[in-house]
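What follows is each chain in one-letter form.
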Amino acid sequence: MPVVVQKFGGSSVATAERIRAAARRAIRAKQAGNQVVVVVSARGDTTDDLIQLAHEISEQPPAREMDMLLATGEQISIALMAMAIQSMGEPAISFTGAQIGIRTDSFHTKARIREISTTRIREALRKGEIVIVAGFQGIDDLNNITTLGRGGSDTTAVALAAALKHDPTTSDPTERAVGCEIYTDVDGVYTTDPRLVPEAHKIDEISYDEMLELASMGAGVMHSRSIEFAKKFDVPLMVRSSFSDAIGTWIVPEAPWMLGVSVCGAAIAKDEARILLDGLPDRPGVSHRIFSTLAQVNIAVDMIAQSLGEAGKAAIGFTVMRNEMSLATAKLQPLIAELGGTIRTVEDVSKVSIVGTGMRTTTGVAEKMFAALGQEGVNIKMITTGDIKISVLVDKAEGAKALRAVHQAFKLSENRPGAGAPTSENAAPFSLSDAMNPSSKGAATQTTQLIMQRLSSMEAIVVSGVELTVEQSRITIHDLPDRPGHCSRVFEAVAQSGAVVDMIVQNLTGSDRAELSFSVPNSDLLAALDSTRNAVRDIEVTARVTGDADMAVLFVHGVGMRTHTGVAEKMFGALAAQGINIKLINTSEVCISVVIEQAQGSQALAALKACFNLA
Ligand SMILES: Nc1ncnc2c1ncn2[C@@H]1O[C@H](COP(=O)(O)OP(=O)(O)O)[C@@H](O)[C@H]1O
Ligand SMILES: N[C@@H](CC(=O)OP(=O)(O)O)C(=O)O
């Protein structure tokens, strides 16, 4: 019998009536001929309340005890859900993460799943019981209770679906037909958070990579790590409303029509902090030491922007979540003192991002975003770009305005393919049975062997490829006054020159001054330099423009590149060991890219392939 995994978030189990409604849904899925696994979160604001309670008792609650406390929220929900289903006459059994065999590492409060045993779930399912599993929790090798980080129940649900779909303990193909539904308080993934921008539009289909970027850039509707599982293990999933039967949003492998949509959504991460390390020696290995220091304490770093070294000195700016800023600076202090640099921090910043597969092939997207922000008088503090995303850092007070401005500029509230307008490929709506049928649209994109390898360490990083692009040039504007509208003027001029801009990095350096770098193909360098100089002359005569031909860009593609703190560290370590200096860095959830000297390109490529075991 096929298996449906249904996840009900905190809002969907907040009251007795909602628990009963969720129970009825699970029973309906069973009556339709499926085996049913239900994953539940803590009710309503329980997790927030528990965190507050802990802080009333202790200023810095120990992480192990915090997990012991937080895991109780989900335990309440599973028991109530089992009671609700049983009271409706269906057999059901509840399990904590530990009871079901969800093994994690020992990073309390942000543990990662290592493996999931399917034995107990299968036994119960075969007996005809609806299996209810506590989301967000697991158990480490020493049998300590762990939690997976905020929003982690999505991850439990998709990881369970993945484990059941590729279950080595069953040879029955119907038992490996697994679908996953995420029930929440919105009827799907929207072009942006509908609570912040009411005209946001529901998306019908979105790719794993787009959803990964959106989720990691602040779209709280899904936990980004759950999409990592979905992508790695070919689990198509649907986000839908627990209050209606409307078709929700399918999160699926990338389809060709998606290349026609340059921006599919926008997101905001409100509580960010910026750390600027200034006056660092400009030599190989410095970034590696910085990021390995942060990786040791599992702090995910975002928006890394390394400014060009001048007079032997370089600056590196990056963002972290605001609640991790003090830990990050405390850990970095001794290293930066040893390197002779300084640390500056800025709190109260928000990150606004746009995401879309079509960005890969469409030019002018960045320019349009910067123009929209400039028109609203929003100052951009930092910029980084990825393969399919562009992020800017702005003052927290301007975050919501900035989000609305970009949402409007890209007309995201209007119908488009994948959101309100069917494409030729998706004209027939994707269905749960499609998702559960391996020969349909949800077809496997990866070999069974690869997937089985991944199952042995489920949440380990997957680096799928390293790529080198040569004949690139870098243009840098030094000492650009830090005021609204400047970036858009520069990129408008560059676009008029016909140059194709790829990577963009902007970093605030001295007070009130920004350094803006971007890459163009060598063949566009002269035209782009000319138009940049003209634009900059109009803005500020003291700003300087420099250009460097014959650079190379190295891309490392994978899943969870940003949230797995060790990837950047490993990459920078491998380059440092070869004595290769990094000129610019860009990070995203699906790709990390660096600009280096072209002469060192093939050496760097070989070093990265060796370090990530790629052929
Ligand atoms: N792009 C988006 N699409 C839909 N909802 C979003 C988006 N970004 C943020 N959200 C917010 O996510 C909320 C659902 O997530 P969450 O509150 O964690 O639900 P649950 O408790 O079901 O896990 C929505 O109510 C919405 O405000
Ligand atoms: N209860 C946890 C885990 C979770 O995933 O919750 P929800 O599904 O309500 O976002 C939290 O609040 O973080």
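See above for the structure.
Just so we're clear, the structure is a prediction, and the values are computed from it rather than from any experiment. (Residues numbered from 1 in each chain as written. Chains lettered and ligands numbered in written order. Predicted model: local features only at pLDDT ≥ 70, side-chain atom pairs only at ≥ 80, totals over all residues. Heavy atoms only, no water.)

(A) Expanded view of the overall build of the protein. Assigned secondary structure in the protein consists of 18 helices and 26 strands. Compactness check: the protein gives a C-alpha radius of gyration of 24 Å against a globular reference of 25 Å for 615 residues, within 12% of the reference. Dimensions along the principal axes, computed over C-alpha positions, put the protein at roughly 80 × 55 × 50 Å. In the protein, which comprises 615 residues, the share counted as buried stands at 59%. Once local pairs closer than 6 in sequence are excluded, the contacts in the protein between residues at least 24 apart make up 78%. By element, 50% of the accessible surface of the protein is carried by carbon and sulfur atoms, the whole surface being about 22900 Å². (Helix = DSSP H or I, 4+ residues; strand = E, 2+ residues; numbered from the N terminus. Rg over C-alpha atoms; globule rule 2.2 N^0.38 Å. Buried < 20%, exposed > 50% of the residue type's maximum accessible area, 1.4 Å probe, protein only. Contact = heavy atoms within 4.5 Å. Areas by Shrake-Rupley, 256 points an atom, 1.4 Å probe, with all protein chains shown as cover.)

(B) The arrangement of the packing of aromatic side chains in detail. Inspection of every chain in the model, using the stated rule, returns six aromatic pairs. Their ring planes at 50 degrees and their centres at 5.5 Å tell us that Phe-291 and Phe-572 sit as a pair that is tilted. Within this pair, whereas Phe-291 is found in helix H9 (residues 286-296), its partner Phe-572 is found in helix H17 (residues 566-577), the two being separated by 281 residues in sequence. The exposure class of Phe-572 is buried, given its relative accessible area of 1%. Aromatic rings pair up to connect Phe-291, Phe-318 and Phe-572 into one cluster. For Lys-232, the ring lying beneath its charged end belongs to Phe-229, and the centroid distance is 5.9 Å. (Phe/Tyr/Trp six-rings, centres within 6.5 Å; stacked < 30°, edge-to-face > 60°. Lys NZ or Arg CZ within 6 Å of the ring centre and 35° of its normal.)

(C) Structural detail: the site of ligand 1. Lining the immediate environment of ligand 1, one finds 18 residues, of which Thr-184, Asp-185, Tyr-190, Asp-193 and Arg-195 sit closest. One of the backbone nitrogen or oxygen atoms of Tyr-190 is found 2.8 Å away from a nitrogen atom of ligand 1. Within the contact set of ligand 1, an oxygen atom lies 2.7 Å away from a side-chain nitrogen or oxygen of Arg-195. Protein coverage of the free-state accessible area of ligand 1, which is 560 Å², stands at 83%. Looking at the shell around ligand 1, its residues break down into seven nonpolar, seven polar and four charged. (Near = heavy atom within 4 Å. Polar contact = N/O pair within 3.5 Å; in protein donor to acceptor, adjacent residues only side chain to side chain. Nonpolar A, V, L, I, M, F, W, Y, C, P; charged D, E, K, R; others polar.)

(D) Inspection of the nonpolar core at higher detail. Formed by 75 residues in total, the largest nonpolar core has its most connected members in Val-5, Val-37, Cys-180, Met-211, Ile-251 and Met-458. Not counting chain neighbours up to four residues away, the residues in contact with Val-37 comprise Val-3, Val-4, Val-5, Gln-6, Ile-121, Leu-125, Val-131, Val-133, Leu-160 and Leu-164. Of all hydrophobic cores here, the second largest spans 43 residues; its members include Phe-291, Ala-568, Phe-572 and Leu-575. (Core = buried A, V, L, I, M, F, W, Y, C linked by side-chain atoms within 4.5 Å.)

(E) The arrangement of the sheet that holds strand E10 (residues 205-207) in detail. If you trace the eight strands from one edge of the open sheet to the other, you get E3-E6-E2-E1-E9-E11-E12-E10, paired in mixed fashion. Both outer strands of the open sheet, strand E3 (92-95) and E10, are each paired with one neighbouring strand and no more. Within the sheet, the average angular offset between the axes of one strand and its neighbour, ignoring direction, is 20 degrees. One ladder, built from four bridges, connects strand E2 (residues 35-40) with strand E6 (residues 130-134); its direction is parallel. Looking across to E6, one finds that Val-37 is bridged to Val-131. Against the sheet, helix H3 (residues 63-87) engages strand E1 (3-8), E2, E3 and E6, with an angle of about 165 degrees to E6. Against the sheet, helix H5 (residues 119-126) touches E1, E2, E3 and E6, its axis set at about 130 degrees to E2. (Pairing = 2+ DSSP bridges. Axes fitted to C-alpha atoms, helices over the stretch in contact; angles between N-to-C directions.)

(F) Spatial organisation of the side chain of Asp-167. Following the sequence through the fold, Asp-167 ends up in the loop between helix H6 (153-165) and strand E9 (178-184). A distance of 3.0 Å separates polar atoms of two side chains, one belonging to Asp-167 and the other to Thr-118. Those residues in contact with Asp-167 that lie beyond four places of it in its chain are Thr-118, Arg-122 and Arg-176.

(G) Region of interest: the packing of helix H2 (residues 46-57) against H3. With their axes 9 Å apart at the nearest point, H2 and H3 run at an angle of 150 degrees to one another. Comparing the axis directions of H2 and H3 gives the class roughly antiparallel. In this structure, H2 crosses over H3, and the sense of that crossing is right-handed. Across the interface between the two elements, Thr-46, Thr-47, Leu-50, Ile-51 and Ala-54 from H2 touch Met-66, Leu-69, Leu-70, Thr-72 and Gly-73 from H3. Class assignment of the residues belonging to the contact of H2 with H3 gives a composition of six nonpolar, four polar and no charged. (Parallel < 35°, antiparallel > 145°, perpendicular 65-115°, else oblique. Left-handed = near helix turned anticlockwise from the far one by under 90°.)

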